[in-house]
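Next come the chains, spelled out residue by residue.
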2 protein chains.
Amino acid sequence: MAEGPTINTIAERAGVSIASVSRVLNGLPTRQETVRKVLAAAEELGYVRNAVARSLKSRRTNQVAFAMADIGNPVYLAMVRQIQPVLKAAGYRLVLHSTDAIVADEIDVLHSLGERYVDGLIMSPLRVTDEHLKTIATARAPVVIIGSVPDGTRVDNVRADSRTGVRLAIDHLHGLGRRRIGFLNGPLDTVPGAARAAAYREALKERGLPYDEGIVEVGDFYRAEGARAARALLDRAAGVDALMCANDLIALGALDVLRAAGLRVPEDVAVVGMDDTDLAAASWPSLTSVSLGSAERGKAAAELLLDRLNDMDREPRLVTVPPVLVVRASTAGEGAERRPVSAGQALSAGGEASTPRAGSLRRTTGPGPDRESTGEAAVTAVPVQAAPQPKGGTP
Amino acid sequence: MAEGPTINTIAERAGVSIASVSRVLNGLPTRQETVRKVLAAAEELGYVRNAVARSLKSRRTNQVAFAMADIGNPVYLAMVRQIQPVLKAAGYRLVLHSTDAIVADEIDVLHSLGERYVDGLIMSPLRVTDEHLKTIATARAPVVIIGSVPDGTRVDNVRADSRTGVRLAIDHLHGLGRRRIGFLNGPLDTVPGAARAAAYREALKERGLPYDEGIVEVGDFYRAEGARAARALLDRAAGVDALMCANDLIALGALDVLRAAGLRVPEDVAVVGMDDTDLAAASWPSLTSVSLGSAERGKAAAELLLDRLNDMDREPRLVTVPPVLVVRASTAGEGAERRPVSAGQALSAGGEASTPRAGSLRRTTGPGPDRESTGEAAVTAVPVQAAPQPKGGTP
DNA sequence: TTGTACGCGTTATCAG
DNA sequence: CTGATAACGCGTACAA
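Because the structure is predicted, anything quoted here is derived from the model rather than measured.

**Notes on the overall build of chain A**
Part 1 of the reasoning: A tally of helices and strands in chain A yields 15 helices and 15 strands.
Part 2 of the reasoning: Buried positions account for 54% of the 395 residues belonging to chain A.
Part 3 of the reasoning: A sequence separation of at least 24 residues applies to 68% of the contacts in chain A between residues at least 6 apart.
Part 4 of the reasoning: Carbon and sulfur atoms provide 51% of the accessible area of chain A, an area that totals close to 16,500 Å².

Laid out in structure tokens, this is it:
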């Protein structure tokens, strides 16, 4: 907690100029003798470079921020596990913000970009307001948004495709002979909530199933809310033979309720979650879930940001990560895990199956299909290998 | 992404001096007319204060960091949920670091304190090396350590009491008639791992049970490792009627294995976890767990840090949070949750039960019991109310 | 009340 | 190869 020595202190001590000290500390060509003296002095004094002063001059902090809606959601965990190493390898330190999806806090973080504490930001907002868009547009450091933003927004963007994801799930359930497929969704005023609601209706229609408001329940994206919603739905509607859940947490809540109600999963009610978090594989019964590629999205976002940091003037890019259905016991019966079903395979049209090149992004020919007007390059992310869990655990 | 305007830009635009701009921006007494002009110019130009430059001068950043070993462990989540609001209320922004318990990274974060990017740091290291201690001692900003450090270390410190915690659990199991109590621990070279190993032996001894290496297994603090360890233990040793687990994740892994092995919980094998994370309440069967007061520790740490920020010269303080046993279905049978058992009640000696004063710290008389030599004030934290989950959820 | 000038700790430029 | 010195953007004595 002592007053820290500066390069001036060192310069005095070593009997050289501050310029020489700076040179030595930055590894610039210097006479051996000088190097020795400076390093010795620095060591003795316990010198630590003042990064604030350095940043004032260099306009760089070598820090990057990731602002997530809720640190408690495993989805973000998966993202962090991918973002961290990519950025670290490039010499950046990652700092995390948990905004609790409070718009004011997110705007605050965005604003803090202007304060120059970080060189860039990856953000995953639940709701995208006009204020978000305005602040992003005038932000003084590069921003990458994970999640859908309105078409035409000039910002690097990584998207999931929950529309296709929901369809994969519904098709799967339909294929199992389920016809009364209930839907447990999150808030409709969030981007994913709205998207999944629309996708559900659409998917039912495609399969010739009627849309019945009576078997749809809207709550929050949490386990407890999922349980509440499931209970409400079961109390109200009879004969539901499947539950499509807008994320894994909701699905886990539903499993709790079904178990308590004495209903067998999947015999009586099949359950599908979304996000394919660690919890899905670990639950009982294990949970069939639509992976929206959290890991891939995190990795893509980090790479997008690095890329941007190296070229501030390039056109904004859009990366879309395709969903993958992972079938587990909650729909498949005896706990046997079947092979994942990718979007390409599952869709009737068989829209050109992707040929993954591990660890990189595959650029499609020309601008993205839904962004033609903006002239942005669109790319599709391919699967990354799972991030290893760190050693250690808890205090 | 434009080049940001500075107070100079504003000064020109408003036709005043930079000093006036600074005064207005900091709310110092200024003529109305000047205020108006400056604010107008600032608004037009979209001015954002350069916090880096400000910090260079003021030596404050209004940012505080929390470095956790693993962002994926719910224990840290509980801490963050408490730390965040306390710091926010005091005007600090919280930034999070996930070190993956890599010593080099933790040292790096500690070092970054010297870099002046944050005004203070709360850290929860899994292992405490000499390098940690050395770096902490010379750190240029206040540090609060969550977790045990060697006695005599001059640093604000918040501790759990896992020794008593383990005893609560063993006593509970013993009281249920269990006599072959296996132990699934984390790495012995971590502080909590070592403490819990010792506590386990001690607690058995107190109850007159033999220590049998054959029913002890050491792994990592993760679910998958917990499962592996449980499997190994069950393969090797027969007749185990209870499993004490060093944390909840390990316990969940054990539950998976027991279930797969067709063993009933708690009839055949009772299971106790540690940390009392959200997962404990949500698992099936729900998990009896020893709460080590993650939330309380987080809150106490935040308050300790704020306190220190306001008085850099005060003596280091030690806060110890007492453990609480939370009994659930994994030991109690039919899912009925019994009342929590606090340390005071459970111990035979009945060491003066605490009288909680909500939301504050209760100071014990004089120096802490195991710190008498250092002359530090010791306090005991009391329960805080659970932090509410934020609205929203996942993209 | 307002403006000038200096310092915070670094890096970078330019003579020597 | 080295040493003075000018920024970087802001806060603030001190002078006007």
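Don't stop here, the text continues.
**Some words on the relation of the copies chain B and chain A**
Part 1 of the reasoning: Its rotation angle being 180°, the transformation that places chain B on chain A also includes 0.1 Å of axial translation and leaves an RMSD of 0.2 Å. One copy is carried onto the other by what is essentially a two-fold rotation axis. Ranked by how close their C-alpha atoms come to the rotation axis, the residues of chain B are headed by Leu-96 of chain B, at 2.3 Å.
Part 2 of the reasoning: The overlap is high: 99% of the interface residues of chain B also sit at the interface in chain A, so the same surface is used on both sides.

**Here we look at the protein's contact with DNA strand C**
Part 1 of the reasoning: Lining the immediate surroundings of DNA strand C are 23 residues, of which Ile-7 and Tyr-47 of chain A together with Arg-31, Thr-34 and Arg-59 of chain B lie closest.
Part 2 of the reasoning: A breakdown of the atoms of DNA strand C within 4 Å of the protein gives sugar and phosphate a share of 61%.
Part 3 of the reasoning: One nitrogen or oxygen atom from the side chain of Arg-31 of chain B is found 2.9 Å from a phosphate oxygen belonging to DNA strand C.
Part 4 of the reasoning: Ranked by the residues each element gives to the surface near DNA strand C, the list is headed by helix H2 (residues 18-25) of chain B, at four residues.
Part 5 of the reasoning: Split by residue class, the surface near DNA strand C holds eight nonpolar, eight polar and seven charged.

**Some details on the pairing of strand S2 (residues 93-98) of chain A**
Residues and elements named next belong to chain A.
Part 1 of the reasoning: Within S2, six of the six residues are buried, leaving the element largely enclosed by the surrounding structure.
Part 2 of the reasoning: Covered by surrounding structure in S2 are Arg-93, Val-95 and His-97 together with Leu-94, Leu-96 and Ser-98, the residues of both alternating faces.
Part 3 of the reasoning: When strand S1 (residues 63-68) meets S2, the two strands line up parallel, connected through six bridges. Bridged to Met-68 within S2 is Ser-98.
Part 4 of the reasoning: You can see the chain leave S1, run along helix H5 (residues 74-89) and come back into S2, and the turn it takes is right-handed.

**Quick notes on the packing of helix H1 (residues 7-14) of chain A against helix H2 (residues 18-25) of chain A**
All names here are of chain A.
Part 1 of the reasoning: With their axes 8 Å apart at the nearest point, H1 and H2 run at an angle of 105° to one another. With respect to H2, the element H1 is oriented roughly perpendicular. In contact with Ile-7, Asn-8, Ile-10 and Ala-11 of H1, H2 contributes Ile-18, Val-21 and Leu-25.
Part 2 of the reasoning: Among the residues making up the contact of H1 with H2, the classes are represented as six nonpolar, one polar and no charged.

**Concerning the interface of chain B and chain A**
It is common to give the size of an interface as the accessible area that goes away when the parts come together.
Part 1 of the reasoning: Counting residues at the interface gives 79 residues for chain B and 78 residues for chain A.
Part 2 of the reasoning: Between chain B and chain A the total buried area reaches about 6,700 Å² when both faces are included, carbon and sulfur atoms providing 54% of it.
Part 3 of the reasoning: Linking chain B with chain A are eight salt bridges.
Part 4 of the reasoning: Residues Arg-81 of chain B and Asp-70 of chain A are paired through a salt bridge, measuring 3.3 Å at the closest nitrogen-oxygen approach.

**Looking at the packing of aromatic side chains**
Part 1 of the reasoning: Going through the model one piece at a time under the given rule, you end up with five aromatic pairs over all chains.
Part 2 of the reasoning: Residues Tyr-117 of chain A and Tyr-117 of chain B carry aromatic rings whose centres are separated by 5.8 Å and whose planes lie at 70° to one another, so their mutual orientation is edge-to-face. One end of the pair, Tyr-117 of chain A, is in the loop between helix H6 (103-114) and strand S3 (120-124); the other, Tyr-117 of chain B, is in the loop between helix H6 (103-114) and strand S3 (120-124), on a second chain.
Part 3 of the reasoning: Judged by relative accessible area, which is 4%, Tyr-117 of chain A ranks as buried.
Part 4 of the reasoning: Both rings, one in Tyr-200 of chain A and one in Tyr-211 of chain A, keep their centres 5.9 Å apart while their planes meet at 70°; by these two values the pair is edge-to-face. Within this pair, whereas Tyr-200 of chain A is found in helix H9 (residues 191-206), its partner Tyr-211 of chain A is found in the loop between H9 and strand S7 (216-218), the two being separated by 11 residues in sequence.

**Observations concerning the protein's contact with DNA strand D**
Part 1 of the reasoning: As a matter of local geometry, DNA strand D sits amid 23 residues, with Ser-20, Thr-34 and Arg-59 of chain A together with Ile-7 and Tyr-47 of chain B nearest to it.
Part 2 of the reasoning: In DNA strand D, the atoms that sit within 4 Å of the protein are 59% sugar and phosphate, with bases accounting for the remainder.
Part 3 of the reasoning: Arg-54 of chain B is positioned such that a nitrogen or oxygen atom in its side chain is 2.9 Å from a phosphate oxygen of DNA strand D.
Part 4 of the reasoning: Listing elements by their share of the surface near DNA strand D, those giving two or more residues are H2 and helix H4 (51-58) of chain A together with H2 and helix H4 (51-58) of chain B.
Part 5 of the reasoning: Considered class by class, the residues forming the surface near DNA strand D number nine nonpolar, eight polar and six charged.

**Let's talk about the UniProt feature "domain: HTH lacI-type" (unreviewed entry) in chain A**
Part 1 of the reasoning: Mapped onto the present numbering, the UniProt feature "domain: HTH lacI-type" (unreviewed entry) falls on residues 5-58 of chain A.
Part 2 of the reasoning: Helix makes up 70% of residues 5-58 of chain A and strand 0%. Its end C-alpha atoms lie 20 Å apart.

**Quick notes on empty space enclosed by the protein**
Which parts of space are left empty comes out when a probe the size of a water molecule is rolled across the atoms.
Part 1 of the reasoning: Counting across every chain of the model gives four cavities of 30 Å³ or more.
Part 2 of the reasoning: If you trace the largest cavity, you find 18 residues lining it, with Arg-223 and Ser-283 of chain A together with Arg-223, Ala-282 and Ser-283 of chain B closest to the centre.
Part 3 of the reasoning: Of all the elements in the fold, those that place two or more residues in the lining of the largest cavity are helix H11 (248-260) and helix H12 (278-282) of chain A together with helix H11 (248-260) and helix H12 (278-282) of chain B.
Part 4 of the reasoning: Partitioned by chemical class, the residues of the lining of the largest cavity number 10 nonpolar, two polar and six charged.
Part 5 of the reasoning: Computed from the structure, the second largest cavity encloses a volume of approximately 150 Å³.

**A word on the nonpolar core**
Part 1 of the reasoning: Core analysis: the largest hydrophobic core is formed by 100 residues, its most contacted members being Leu-243 and Val-271 of chain A together with Leu-243 and Val-271 of chain B.
Part 2 of the reasoning: Beyond its immediate sequence surroundings of up to four residues, Val-271 of chain B is in contact with Leu-243, Cys-245, Ala-251, Leu-255, Leu-258, Val-265, Leu-287, Thr-288, Ser-330 and Thr-331 of chain B.
Part 3 of the reasoning: Counting 62 residues, the second-largest nonpolar core is a separate cluster that includes Val-75 and Leu-87 of chain A together with Leu-77 and Ile-83 of chain B.

**Regarding the environment of Gly-177 of chain B**
Part 1 of the reasoning: Checked against the element boundaries, Gly-177 of chain B lands in the loop between helix H8 (162-175) and strand S6 (181-185).
Part 2 of the reasoning: Separated by 64 residues in sequence, Gly-177 of chain B and Asp-241 of chain B place their C-alpha atoms 9.2 Å apart.

**Remarks on unusual backbone geometry**
For residues besides glycine, phi is generally negative; the peptide bonds are generally trans as well.
Part 1 of the reasoning: Residue Pro-266 of chain A follows Val-265 of chain A across a cis peptide bond; omega there is 10°.
Part 2 of the reasoning: Tracing the chain through its elements places Pro-266 of chain A in the loop between H11 and strand S9 (270-274).
Part 3 of the reasoning: With a phi angle near 65°, Arg-59 of chain A is a residue other than glycine that sits in the positive phi range.
Part 4 of the reasoning: For Asn-62 of chain B, which is not glycine, the phi dihedral falls at a positive 60°.
Part 5 of the reasoning: Within the secondary structure layout, Asn-62 of chain B lies in the loop between H4 and strand S1 (63-68).
Part 6 of the reasoning: With a relative accessible area of 33%, Asn-62 of chain B lands in the partly exposed category.

Cut-offs and rules
Residues numbered from 1 in each chain as written. Chains lettered and ligands numbered in written order. Predicted model: local features only at pLDDT ≥ 70, side-chain atom pairs only at ≥ 80, totals over all residues. Heavy atoms only, no water. Helix = DSSP H or I, 4+ residues; strand = E, 2+ residues; numbered from the N terminus. Buried < 20%, exposed > 50% of the residue type's maximum accessible area, 1.4 Å probe, protein only. Contact = heavy atoms within 4.5 Å. Areas by Shrake-Rupley, 256 points an atom, 1.4 Å probe, with all protein chains shown as cover. Least-squares fit on C-alpha atoms with pLDDT ≥ 70 in both. Near = heavy atom within 4 Å. Polar contact = N/O pair within 3.5 Å; in protein donor to acceptor, adjacent residues only side chain to side chain. Nonpolar A, V, L, I, M, F, W, Y, C, P; charged D, E, K, R; others polar. Pairing = 2+ DSSP bridges. Right-handed = clockwise from strand over helix to strand, strands pointing away. Axes fitted to C-alpha atoms, helices over the stretch in contact; angles between N-to-C directions. Parallel < 35°, antiparallel > 145°, perpendicular 65-115°, else oblique. Buried area = accessible area lost by both parts, 1.4 Å probe. Salt bridge = Lys/Arg side-chain N within 4 Å of Asp/Glu carboxyl O. Phe/Tyr/Trp six-rings, centres within 6.5 Å; stacked < 30°, edge-to-face > 60°. UniProt positions renumbered as here; feature names shortened; annotations may be inferred. 1 Å grid on protein atoms, 1.4 Å probe; cavity = no way out; pocket = protein on both sides within 12 Å on 5 of 7 lines; lining within 4 Å. Points joined across faces, edges and corners; volume = space filled by probe spheres on them. Core = buried A, V, L, I, M, F, W, Y, C linked by side-chain atoms within 4.5 Å.

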